[in-house]
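Results of the structural survey
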Amino acid sequence: MEVFMKLLSIAVPCYNSEGYMERCIKTLLKGGDEVEILLINDGSTDGTAEIADSYQEKYPDIVRAIHQPNKGHGGAVNTGIENATGKFFKVVDSDDKINTKVYDQVLDVLRGFADDDGLDMLISNFVYDKEGVRRKKIMQYRSSIPRDRIFTWHEARRFKKGQYILMHSVIYRTEILRQCGLQLPEHTFYVDNLYVFQPMPYAKHMYYLDVNFYMYFIGRDDQSVNETVMISRLDQQTRVNRLMLS
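First, a word on scope: everything that follows refers to the structure included in this document. Within every chain, residues take consecutive numbers counted from 1 along the sequence as written. Local features in this predicted model are restricted to residues whose pLDDT is 70 or higher, and side-chain atom pairs enter the listing and the counts only when it is 80 or higher, whereas totals over whole chains, interfaces and linings include all residues. Note that water and hydrogens are dropped before the side-chain values are worked out from all heavy atoms of the structure.

To qualify as a nonpolar core, a set must consist of buried Ala, Val, Leu, Ile, Met, Phe, Trp, Tyr and Cys residues joined through side-chain atoms within 4.5 Å. Each residue is placed in one exposure class: buried if its accessible area under a 1.4 Å probe, protein chains only, is under 20% of its type's maximum, exposed if it is over 50%, and partly exposed if it falls in between. Ile37, Leu110, Leu122, Tyr172 and Tyr195 are the most contacted members of the largest nonpolar core, which totals 77 residues. Numbering of helices and strands runs from the N terminus; a helix is a DSSP stretch of H or I covering at least four residues, while a strand is a stretch of E covering at least two. No other element matches the nine residues that strand β10 (residues 206-218) contributes to this core.

The structure is reproduced here in structure tokens:
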């Protein structure tokens, strides 16, 4: 069994994120000393590296700045997993944020399993924080899986159409990610599904906390989920789909 120094490691892939990464970091800092924030500067050419270093200097017991040549989102997540010292692991993109009002509830659940391997995956809701839209769409799972207790896949019901687990929904036990040999392809977008589904056969004990924890921002013109950008990257989506099938 691995020995971990922190309760939760949060990897934040950062590529030319100077305009918005601080908003993300400030929400993550609310977790205090139990949380490790890994700011992974993925070959940025703007002020991302300097911002990451400044937060490491100001919060040396919480923040670690890691600099690497550009490897894409998947490569940054791989680096986060390799460097994590937390019992549990989450990815938060630098243009997103977490809901600080429920942060303590999430950490409370993780604390309850810090001394054993009784929890493999914690699931929570995420919110589509779309720019200019007042009524936010929430992805929740209360109709499909038990709440507020450990459950197994045998207890899960069929998910409804349009109801799916994304990277934003999950916190994995770090050891699970390493045991399954997860290695996301570099320089490839849309690897989120691989991150979620490849470790799933190794996850035997799950817990669903019915809170809106992750705020998934949608609205930047250069964002990977922008329709025009997605069309230009259909080859990468196809590659990910083939990897999922295999």
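Let's pick the thread back up.
What follows deals with the side chain of glutamine 163. The residue glutamine 163 is located in the loop between β8 (150-151) and β9 (170-173) in this model. For glutamine 163, a relative accessible area of 11% corresponds to the buried category. A distance of 2.9 Å separates the side chain of glutamine 163 from the backbone oxygen of glutamine 140, its partner in a polar contact. A 3.5 Å cut-off defines polar contacts: any pair of N or O atoms within that distance qualifies, except that in protein one atom must be a possible hydrogen donor and the other a possible acceptor, and neighbouring residues in sequence count only when both atoms are side-chain atoms. A polar side-chain atom of glutamine 163 sits 3.5 Å from a polar atom in the side chain of serine 143. Two residues qualify as a contact provided that any one of their heavy atoms is within 4.5 Å of a heavy atom in the partner residue. Residues contacting glutamine 163, with those up to four places away along its chain left out, are Met139, Gln140, Tyr141, Ser143 and Ser144.

Packed helices, taken two at a time, are described by the angle between their axes plus the distance between the axes. The interhelical angle for the contact between helix α1 (residues 21-28) and helix α2 (residues 48-58), taken along N-to-C directions, is 20 degrees, at an axis separation of 11 Å. Viewed along their axes, α1 and α2 adopt a mutual orientation that is roughly parallel. The interaxial crossing formed by α1 with α2 has right-handed handedness. Mapping the contact onto sequence places Met21, Glu22, Ile25 and Lys26 in α1 and Thr48, Ile51, Ala52 and Tyr55 in α2. Fitted lines through C-alpha atoms give the axes, limited to the stretch in contact for helices. The angle between two N-to-C directions lies from 0 to 180 degrees. Orientation categories follow fixed angle ranges, with anything under 35 degrees roughly parallel, anything over 145 roughly antiparallel, 65 to 115 roughly perpendicular, and all other angles oblique. In this scheme the handedness of a crossing depends on how the near helix is turned from the far one: anticlockwise by less than a right angle means left-handed, clockwise means right-handed.

Turning our eyes to something else, we now look at a negative patch on the surface. There is a patch of like negative charges on the surface, built from Glu18, Glu50, Asp53 and Glu57. Along the chain, aspartate 53 turns up in helix α2. According to the relative accessible area criterion, aspartate 53 is partly exposed, its value standing at 34%. Only residues whose relative accessible area exceeds 30% and that form no salt bridge enter a patch; like-charged residues are grouped when within 9 Å of one another, and nonpolar side chains (Val, Leu, Ile, Met, Phe, Trp, Tyr) when within 5 Å. Under the convention used here, a 1.4 Å probe and the Shrake-Rupley method define accessible areas, while residue burial counts only the protein chains that appear. Salt bridges, as used here, are contacts in which a Lys or Arg side-chain nitrogen is within 4 Å of a carboxyl oxygen on Asp or Glu. Asp and Glu are treated as the negative residues and Lys and Arg as the positive ones, with His and the ends of the chain left uncounted. The atoms used to mark charge sites are NZ of Lys, CZ of Arg, CG of Asp and CD of Glu.

Another aspect to go through is the pattern of salt bridges. Here the structure, examined in full by the defined rule, presents 11 salt bridges. With a closest N to O distance of 2.2 Å, aspartate 108 and arginine 111 form a salt bridge. On the criterion of helical spacing, the pair formed by aspartate 108 and arginine 111 is a turn pair, its members being three residues apart in helix α4 (residues 103-111). Taking relative accessible area as the criterion, arginine 111 reaches 33% and is therefore assigned partly exposed. A salt bridge links glutamate 155 to arginine 149; the shortest N-O distance between them is 2.8 Å. A residue is classified by how much of its surface remains accessible, and glutamate 155, at 31% relative accessible area, is partly exposed. A relative accessible area of 38% places arginine 149 in the partly exposed class.

Moving on: the pairing of β9. A regular strand places its side chains so that they alternate between the two faces of the sheet. Burial of β9 is two-sided: the residues Val170 and Tyr172 facing one way and the residues Ile171 and Arg173 facing the other way are all buried. Being paired, for any two strands, means DSSP has found at least two bridges between them. As paired strands, strand β4 (residues 86-91) and β9 are joined by two bridges and run antiparallel to one another. From the neighbouring strand, phenylalanine 89 faces β9, where its bridge partner is tyrosine 172. One ladder, built from three bridges, connects strand β6 (residues 121-130) with β9; its direction is antiparallel. Paired with leucine 122 across the bridge in β9 is isoleucine 171.

Time to look at the packing of aromatic side chains. Stacked, tilted and edge-to-face are the three classes applied to pairs of Phe, Tyr and Trp rings, where Trp contributes its six-membered ring and a pair requires centres within 6.5 Å; stacked means planes under 30 degrees apart, edge-to-face means over 60, and tilted covers the rest. Counted according to the given criterion, the structure contains nine aromatic pairs. Their ring planes at 80 degrees and their centres at 5.8 Å tell us that tyrosine 141 and tyrosine 208 sit as a pair that is edge-to-face. With tyrosine 141 in the loop between β7 (137-139) and β8 and tyrosine 208 in strand β10, the pair connects residues that are 67 residues apart, well separated along the chain. Across this residue pair, the class does not change: tyrosine 141 and tyrosine 208 are buried. Of the aromatic side chains, those joined through ring pairs into one cluster are Phe126, Tyr128 and Tyr216.

Purely geometric numbers; function is a separate question.
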